[in-house]
Amino acid sequence: MFFVAPNYEACSVLISNPPPAVRALTMIGVPTDIGAGSRGASMGPEALRVAGLGPALQALGYDVEDAGNLIGPANPMLPPDNGYRHLTEVIAWNQTLHDAVYAELQRSRLPITLGGDHCLGMGSISAVARHCHHAGKPLRVLWLDAHTDFNTQALTPSGNLHGMPVACLCGQGPEPLTTLSGQNPALHPEWIRQIGIRSVDEGEKNLIADAGIEVYDMRTIDEIGMRSVMEAALADLTPHTHLHVSFDVDFLDPEIAPAVATSIPGGPTYREAQLCMEMIADTGCLGSLDIVELNPALDIRNKTAMLATELVQSLFGKSTLIRRTAQSRV
Ligand SMILES: [Mn+2]
């Protein structure tokens, strides 16, 4: 048995970590837990600010604007009505978020949605889809999550709309939510890559398979590793592709990120999550970001918010070294 050293001779010397096209970022706070089953994600935006997200991104050389918090209906904590909880309120929050995200994209700024629960993906990604449609840009959505979030009115055990954003974005759901982008569906399933998945409801499995969404579940990450998963998820991007990252904090292993209401064991480790973020940064295609489901009521000394901040820094190009291009690694 012998060790074969990597063939550095074959490496083409290119600068990696290319600067993202957009250097101006706007943080949009969306303090609501209207789509969740329990309260607390409404405190997410402030916890991220307290963890220093804005200054951390400024330190990387970005122009960072904090637009403050959007305003919307309170959480009445009602039971589901006809398969949906708080549908009217969820529509209101997402319409407001859609408009705010779209306005930032129009200003050529990169919107960072500070959630809030994951129902907010409907508003923010609808705005991104509208923007890409008008700009003629290809769109890819990376859905980092423990869950596929492809529930529907007929299947949902809870009626919580934070379990339905992917279905709604793919055209399955209440009409005011499926049409937010001006196109129905807002997303074609082939634009979506789901990573870190480890909890899918029975009926949801069929819907995901029927829709043809590419899912890299934890078993795939175990079998081929995060590097190969990210290479596959990021394959075939063009220099014009708009990359949207929907970062549900429950993507991470609960050992390192306890502050989520729907924690599922067996998620990516600290190192796997860092690699995931760094490989996204290497593409230079990041165009928008959502950070959702952070529930400070369940945190320990804000450590999950601080971890999210650290990972988002990597997503925006923070790296240990000036690296040679990712393509040169054999
Ligand atoms: Mn989610």
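Residue positions are counted from 1 within each chain, in the order its sequence is given. Local features in this predicted model are restricted to residues whose pLDDT is 70 or higher, and side-chain atom pairs enter the listing and the counts only when it is 80 or higher, whereas totals over whole chains, interfaces and linings include all residues.

The name that an unreviewed UniProt entry assigns to the protein is Arginase, with the source organism given as Bordetella genomosp. 4. UniProt positions are given in the numbering used here, feature names are shortened, and annotations may be inferred rather than shown by experiment. Here is the UniProt Catalytic activity (unreviewed entry) comment for the protein, exactly as written: "L-arginine + H2O = urea + L-ornithine".

Enquirer: What is the right way to read the overall build of the protein from this model?
Expert: By definition, any uninterrupted DSSP run of H or I lasting at least four residues is a helix, any uninterrupted run of E lasting at least two residues is a strand, and each is numbered from the N terminus. Along its length, the protein carries 10 helices and eight strands. Our radius of gyration looks at C-alpha atoms and nothing else; its globule reference is 2.2 Å times the residue count to the power 0.38. Computed over its C-alpha atoms, the radius of gyration of the protein comes to 19 Å, within 12% of the 20 Å expected for a compact globule of 330 residues. Around each residue's C-beta, the other C-beta atoms within 10 Å are counted; 20 or more make the residue buried, 12 or fewer make it exposed, and counts in between make it partly exposed. All C-beta atoms are placed from the backbone. The buried share of the protein, reckoned over its 330 residues, is 52%. Sequence separation of at least 24 residues holds for 77% of the intrachain contacts in the protein that already meet a minimum separation of 6. Any residue pair is listed as a contact if its two C-beta atoms, each placed from the backbone, are within 7 Å.

Enquirer: What should I look at first to understand the packing of helix H9 (residues 270-283) against helix H10 (residues 303-315) in this one?
Expert: Each pair of packed helices can be described by the angle between their axes along with the distance between the axes. The axes used here are C-alpha line fits, helices contributing only the stretch in contact, and every angle between their N-to-C directions lies in the interval 0 to 180 degrees. One way to put it is that H9 packs onto H10 with a least axis distance of 7 Å and a crossing angle of 30 degrees. Considering their axes alone, H9 and H10 lie roughly parallel with respect to each other. When H9 is examined against H10, the residues Ala-273, Gln-274, Met-277, Glu-278, Ile-280 and Ala-281 are found in contact with a partner set consisting of Leu-311, Ser-314 and Leu-315. The residue inventory of the contact of H9 with H10, partitioned by class, reads six nonpolar, two polar and one charged. Throughout this description, any angle smaller than 35 degrees is read as roughly parallel, any larger than 145 degrees as roughly antiparallel, any in the 65 to 115 degree range as roughly perpendicular, and the remainder as oblique. Following the grouping adopted for this structure description, the nonpolar residues are Ala, Val, Leu, Ile, Met, Phe, Trp, Tyr, Cys and Pro, the charged ones are Asp, Glu, Lys and Arg, and the polar ones are all others, Gly among them.

Enquirer: Sorry if this is basic, but what is going on with the packing of helix H3 (residues 87-106) against helix H4 (residues 121-135) here?
Expert: Contact geometry of H3 with H4 gives a least axis separation of 7 Å together with a crossing angle of 40 degrees. Between H3 and H4, the interaxial angle falls into the category oblique. The hand of the H3/H4 crossing is right-handed. Taken together, the residues of H4 that come into contact with H3 (itself represented by Trp-93, Asn-94, Gln-95, Leu-97, His-98, Val-101, Tyr-102 and Leu-105) are Met-122, Gly-123, Ser-124, Ser-126, Ala-127, Val-128, Arg-130 and His-131. The class makeup of the residues in the contact of H3 with H4 is eight nonpolar, seven polar and one charged. In a left-handed crossing the near helix is turned counterclockwise from the far helix by less than a right angle, and in a right-handed crossing that turn is clockwise.

Enquirer: Looking at this structure, I do not really get H3. What am I missing?
Expert: An α-helix turns once per 3.6 residues; consequently, residues spaced three or four apart project the same way. Here H3 is 20 residues long and its end C-alpha atoms lie 28 Å apart, about the 28 Å a rise of 1.5 Å per residue gives. Positioned one or two residues after H3, Ser-108 has a phi angle of 60 degrees, which is positive. Expected span, for any helix, means 1.5 Å times one less than how many residues it has.

Enquirer: When you look at the sheet that holds strand E5 (residues 192-197) in this model, what are you seeing that I'm missing?
Expert: Picture the strands of a sheet paired through backbone hydrogen bonds; they go either parallel or antiparallel. The eight strands are arranged E2-E1-E3-E8-E7-E4-E5-E6 in an open sheet whose pairing can be described as parallel. Strands with a single pairing partner mark the edges of an open sheet, and in this sheet they are strand E2 (63-69) and strand E6 (214-217). If you compare each strand with its neighbour and ignore which way they point, the axes differ by 15 degrees on average. At least two DSSP bridges between two strands are required for those strands to pair. Looking at chain direction, strand E3 (residues 110-115) and strand E8 (residues 286-292) are connected through three bridges and run parallel. Looking at the pairing, Leu-114 lines up with Ile-291 of E8.

Enquirer: So what exactly am I meant to see when it comes to the environment of Gly-196 here?
Expert: Within the secondary structure layout, Gly-196 lies in strand E5. Note on Gly-196: 29 C-beta atoms within 10 Å, which makes it buried. Counting along the chain gives 37 residues from Gly-196 to Gly-159, while the straight-line C-alpha distance between them is 23 Å. Here Gly-196 is in contact with Leu-144, Asp-145, Ala-146, Met-218, Phe-251, Gly-267 and Pro-268, once residues within four sequence places are set aside.

Enquirer: Can you walk me through the UniProt feature "binding site: Mn(2+)" (unreviewed entry) in the protein in this structure?
Expert: The residues that UniProt annotates with the feature "binding site: Mn(2+)" (unreviewed entry) are His-118, Asp-145, His-147, Asp-149, Asp-248 and Asp-250. In terms of the greatest pairwise C-alpha distance, the residues named above, spread along 133 residues, form a tight cluster of at most 12.1 Å across. Relative to the elements of secondary structure, His-118 occurs in the loop between E3 and H4. When residues no more than four places from it in sequence are discounted, the contact partners of His-118 are Gly-35, Asp-149, His-162, Pro-165, Asp-248, Val-292 and Glu-293. Residue position: His-147 is located in the loop between strand E4 (139-144) and helix H5 (165-169). We classify His-147 as buried; it has 25 C-beta atoms within 10 Å. Ignoring anything within four residues of it in the chain, the contact list for His-147 reads Gly-163, Ile-197, Ser-199 and Thr-262.

Enquirer: Mind showing me how you'd approach the environment of Asn-295 here?
Expert: Structurally, Asn-295 is set in the loop between E8 and H10. Asn-295 gets classed as buried once you count the C-beta atoms within 10 Å, which come to 26. Spatially, the C-alpha atom of Asn-295 lies 21 Å from that of Pro-111, the residues being 184 residues apart in sequence.

Enquirer: Mind showing me how you'd approach the environment of Leu-139 here?
Expert: Position of Leu-139 among the secondary structure elements: in strand E4. Look at Leu-139 and you get buried, because 22 C-beta atoms sit within 10 Å. Each C-alpha atom of the pair Leu-139 and Ala-273 lies 22 Å from the other, and the pair is 134 residues apart in sequence. Excluding anything up to four places from it in sequence, Leu-139 contacts Val-128, Ala-129, Cys-132, Trp-191, His-242 and His-244.

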